[in-house]
Amino acid sequence: MAYYKNFILSVLFMLTGYLCISQKSTVIGDCTVTYSLTTSDPSVQSKLAGASKTVYIKGQKSRTDFLSDGFRQTTIYDKKAGMAVVMKEIGAEKYISKYTQDEWKSQNKKYENKTVSLINETKTILSYTCKKAVITTRDGNSYSFYYAPSIVPSATENPFQFSDIPGLVLEYESSAGSSDKLIVFTATSINLSPVPASRFEIPTTGFRL
């Protein structure tokens, strides 16, 4: 009896170890994620026709490209330095703004003291099983997020908006400007290939401060 008891305990121990390993998250240092944009507000949706957002992550840096008709905005964030650079192209006009750590924090003050609730609800996006999180800002607005806990990015596009979410966000809600409707960003592709370092180079000419 003692032999069988020890045998069963050994099997249970191995199974427990296997489950722990299988549930571990993988930290990814390079990835490219492209999102589509939708909203229930027809007046806003018409402006989003053909719009897309692409996020590049490499190590401690992230780059976000937002493209729409006649407008392009690129944000490059350095997690280690806490600094950000925002470039905007409106028609032929090009502008660049550089933010220190404190200035970037001020730009994102709407996310200060936010709360993050992890919800027992799942959704499959691009073959990844995603879990739900709800972010509530201090002004009382709530936004739903779906993240893949199996992959954790080494950096995020905005640490103030995406902090405390334990995985790669593949769908989320954001305010639609002055409208009370929400814009939903949904991942349409994920590429885990290395991202060229040139993606994070800051141009020195061609932009007005």
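Computed from a predicted structure; not experimentally measured. (Residues numbered from 1 in each chain as written. Predicted model: local features only at pLDDT ≥ 70, side-chain atom pairs only at ≥ 80, totals over all residues. Heavy atoms only, no water.)

**Regarding the nonpolar core**
The tendency in soluble globular proteins is for nonpolar side chains to be buried side by side. Core analysis: the biggest nonpolar cluster contains 30 residues, and V33, F145, V169 and L170 have the highest contact counts within it. Breaking this core down by element, the ones donating at least two residues are β2 (30-39), β3 (52-58), β9 (128-136), β10 (142-148), β12 (168-175) and β13 (182-191). The leading source of residues in this core is β10, at 5 residues. Once residues lying within four places of it in the same chain are set aside, the contact partners of V169 are Y35, F145, Y146, Y147 and F162. Counting 7 residues, the second-largest nonpolar core is a separate cluster that includes I76, M87, I96 and V195. (Core = buried A, V, L, I, M, F, W, Y, C linked by side-chain atoms within 4.5 Å. Buried < 20%, exposed > 50% of the residue type's maximum accessible area, 1.4 Å probe, protein only. Helix = DSSP H or I, 4+ residues; strand = E, 2+ residues; numbered from the N terminus. Contact = heavy atoms within 4.5 Å.)

**As for the packing of aromatic side chains**
With the rule as written, the count across this model stands at 7 aromatic pairs. With 6.2 Å between their ring centres and 80° between their planes, Y35 and Y172 make a pair best called edge-to-face. One end of the pair, Y35, is in strand β2; the other, Y172, is in strand β12, and 137 residues separate them in sequence. For Y35, a relative accessible area of 5% corresponds to the buried category. Judged by its relative accessible area of 3%, Y172 is buried. Aromatic side chains F145 and Y172 sit 5.6 Å apart centroid to centroid with 20° between the ring planes, which places their arrangement in the stacked category. Of the two residues, F145 is situated in strand β10 and Y172 in strand β12; the sequence distance between them amounts to 27 residues. Through a chain of ring-to-ring contacts, three or more aromatic side chains come together here, namely Y35, F145, F162, Y172 and F185. A cation over an aromatic ring shows up here: K53 above the ring of Y35, its NZ or CZ 5.5 Å from the ring centre. Over the aromatic face of Y146 sits the side chain of K123, whose NZ or CZ is 4.9 Å from the ring centroid. (Phe/Tyr/Trp six-rings, centres within 6.5 Å; stacked < 30°, edge-to-face > 60°. Lys NZ or Arg CZ within 6 Å of the ring centre and 35° of its normal.)

**Focus: the confidence of the model for the protein**
Predicted confidence across the protein gives a mean pLDDT of 86, with 87% of residues reaching 70 or more. Predicted confidence for residues 1-22 stays below pLDDT 50, and this span has 0 contacts to residues more than four positions away or in other chains. (pLDDT = per-residue confidence, 0-100.)

**Quick word on the sheet that holds β12**
As summarised here, the arrangement of the 11 strands in space is β7-β6-β5-β4-β3-β2-β13-β12-β10-β9-β8, forming an open sheet in which the pairing is antiparallel. The outermost strands of the open sheet, each flanked by one partner alone, are β7 (93-99) and β8 (115-125). Between one strand and the next, the sheet's axes are offset by a mean angle of 20°, whatever the strand orientation. (Pairing = 2+ DSSP bridges. Axes fitted to C-alpha atoms, helices over the stretch in contact; angles between N-to-C directions.)

**A closer look at the side chain of D65**
Mapping D65 onto the fold places it in strand β4 (residues 61-68). Residue classification places D65 among the buried positions, given a relative accessible area of 4%. Within the structure, the side chain of D65 is placed 2.8 Å from the side chain of T74, a separation counted as a polar contact. Once you skip the residues sitting within four places of it in the chain, D65 turns out to touch S52, K53, T54, Y56, R72, Q73 and T74. (Polar contact = N/O pair within 3.5 Å; in protein donor to acceptor, adjacent residues only side chain to side chain.)

**As for the pairing of β12**
Taken across its 8 residues, β12 has 6 buried, putting it largely inside the fold. As paired elements, β10 and β12 share 4 bridges and run antiparallel to each other. The residue bridging A148 from the neighbouring strand is L168, located in β12. Examined bridge by bridge, β12 and β13 share 5 bridges and lie antiparallel to one another. Pairing of Y172 across the sheet is with F185, part of β13.

**Describing the side chain of K132**
Here K132 lies in strand β9. According to the relative accessible area criterion, K132 is buried, its value standing at 16%. Among residues more than four places away in sequence, those in contact with K132 are S117, L118, I119, E121, S144, F145, Y146 and Y147.

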